[in-house]
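Next come the chains, spelled out residue by residue.
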Amino acid sequence: MTVDTDGYAWWYVDALSDDEQYGLTLIAMLGSVFSPYYAWSRQRGNADPLDHCALNVALYGRRGKRWAMTERGRAALQRDRTNLVIGPSHVHWEGDALVIDIDEISAPIPSRLRGKVRVHPTGINGRDFALDAAGRHRWWPIAPLARVEVDFTNPGLSWKGTGYLDSNRGSEPVERAFQGWDWSRAELKHEAAILYDTRARDDQGAHLALRFNAHAEVDEFALPPRAPLPTTSVWRIERGIQCEAGDEPQVVATLEDTPFYARSVVETRLLGQRATSVHESLCLDRFSTQWVKVLLPFRMPRVKR
């Protein structure tokens, strides 16, 4: 995949354990879209997206949260059709499974995150979707339903659960097209429902309501009404989710509460079923401020390799 100048590409995995005690998010990024270093390079006019790559890792569980977001330069990147190497970590296909070998250092308190994640899609979806009217930003829900195996040696952690794999790519900075968005994916009986509600700067962004069966075949359904969720407690990020009329969605857990982004687990009702959703709210107006970019290096260090 070619990454355009000032553009980006990322591959995203999330998973929740079967016992609902643990969670995981992985994002392999080329042209690290939320990197202050990449934003500053664009301002100087010499931005190489492949000089800003990262494997972002977040673990959630009973012992608290651990995350690693180290950005690396072009020298740390190797890739071909089935392999993506970013520093000491490696994303690759083994048969029908996506395997992520993780060897990262957490921040701001350094500690090693080392382990392996296997993503087993129940089916592969071949269709992607434009998120903006010009088609500069596209989203591909690769595996709306998957089984995930998590095995970490540091910290010692092993579990299995349900998961999801997608990819986003764009030919310009994401904040140029959008003020923000809400996105969620819900596990239903033998299927998944995914909602994408963008706030485009030209008011022509995508509002998607999609259901996928176990073979990753997709159908659209009528966009449910939007219901507000409580703002996050620390950074006051506004959240909302679509659900059936009259339903009162409940935030089960706020996994990430950052200056411009929130990730949550939400219980709601969709397509006649109770559902547990992984949900994100993104405020790109907040991300675009200089004070946020100054804060980010504390959680997102940069190394050459």
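Going by an unreviewed UniProt entry, the protein chain carries the name Carotenoid 1,2-hydratase and comes from Allochromatium palmeri.

Time to look at the pattern of salt bridges. By the definition in use, this model includes 23 salt bridges. Linking R118 and E94 is a salt bridge whose minimum nitrogen-to-oxygen distance equals 3.0 Å. Here R118 is found in strand β10 (residues 112-121), whereas its partner E94 is found in strand β8 (residues 89-94), with 24 residues between them in sequence. You can call R118 partly exposed: its relative accessible area is 25%. Across the salt bridge formed by R114 and D103, the nearest N and O atoms sit 3.5 Å from each other. Pair noted here: R114 is in strand β10 and D103 is in strand β9 (residues 97-105), with a separation of 11 residues, a long-range link. Several salt bridges share partner residues, and in doing so they unite D182, D197, R199 and R226 into one network.

Another point: unusual backbone geometry. That bond from A107 to P108 is cis: its omega, 5°, falls within 30 degrees of zero. Mapped onto the elements, P108 comes out in the loop between β9 and β10. For the bond from N154 to P155, the omega torsion is -5°, close enough to zero to count as cis. Examined against the element boundaries, P155 turns out to sit in the loop between β12 (137-154) and β13 (157-170). One non-glycine residue, A216, adopts positive backbone phi at about 70°.

The rules behind these values
- Residues numbered from 1 in each chain as written.
- Predicted model: local features only at pLDDT ≥ 70, side-chain atom pairs only at ≥ 80, totals over all residues.
- Heavy atoms only, no water.
- Salt bridge = Lys/Arg side-chain N within 4 Å of Asp/Glu carboxyl O.
- Helix = DSSP H or I, 4+ residues; strand = E, 2+ residues; numbered from the N terminus.
- Buried < 20%, exposed > 50% of the residue type's maximum accessible area, 1.4 Å probe, protein only.

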